[in-house]
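In case you want the letters, here they are:
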Amino acid sequence: MRLVWMPLAILMAAKPLIEPMLKEIRYRMHQSRKEQGLQRESRKLLHADFREAIILAGAENNVEVSDEPGARKPAGRGFSKP
């Protein structure tokens, strides 16, 4: 590809036409980066909630069903069959 040099007068004449397009491109890139940041933060929060839910679900499985002596415990992880 050949590099074509344009006279300064042509570039200066085109500047008013090109500048708004460049401004729009910069704005859209900024918005895109901002949206990506928000998506990353929301994913972090959601994953923290998922981790908490998994931990709580595991803790609920370890809770005894009844305090009565001789009551059967449900079979599952962490429990031995009587």
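Presented here is a report on the structure given in the accompanying data block. (Residues numbered from 1 in each chain as written. Predicted model: local features only at pLDDT ≥ 70, side-chain atom pairs only at ≥ 80, totals over all residues. Heavy atoms only, no water.)

### Points about the overall build of the chain
- Across its full length, the chain carries 1 helix and 0 strands.
- Sorting the 82 residues of the chain into buried and exposed places 1% on the buried side. (Helix = DSSP H or I, 4+ residues; strand = E, 2+ residues; numbered from the N terminus. Buried < 20%, exposed > 50% of the residue type's maximum accessible area, 1.4 Å probe, protein only.)

### Here we look at the pattern of salt bridges
- A full pass over the atoms with the stated rule returns 3 salt bridges.
- Where Arg26 meets Glu19, a salt bridge forms, and the shortest distance between an N and an O atom there is 3.8 Å. (Salt bridge = Lys/Arg side-chain N within 4 Å of Asp/Glu carboxyl O.)

### Side note on helix α1 (residues 8-61)
- Taking 1.5 Å as the rise per residue, α1 with 54 residues should run 80 Å; its terminal C-alpha atoms sit 76 Å apart, in good agreement.
- A bend of about 50 degrees at Lys15 is the largest found in α1, and the proline Pro16 appears one to four places after it. (Expected span 1.5 Å × (residues − 1). Bend = angle between axes of the 7 residues up to and from the residue.)

### Some thoughts on a nonpolar patch on the surface
- A surface patch of nonpolar side chains, amounting to about 580 Å² of accessible area, comprises Leu17, Ile18, Met21, Leu22, Ile25 and Met29.
- Assignment of secondary structure puts Ile18 in helix α1. (Patch = residues over 30% accessible without salt bridge, like charges linked within 9 Å, V, L, I, M, F, W, Y side chains within 5 Å. Areas by Shrake-Rupley, 256 points an atom, 1.4 Å probe, with all protein chains shown as cover.)

From the geometry alone we can't say anything about function, so treat these as descriptive.
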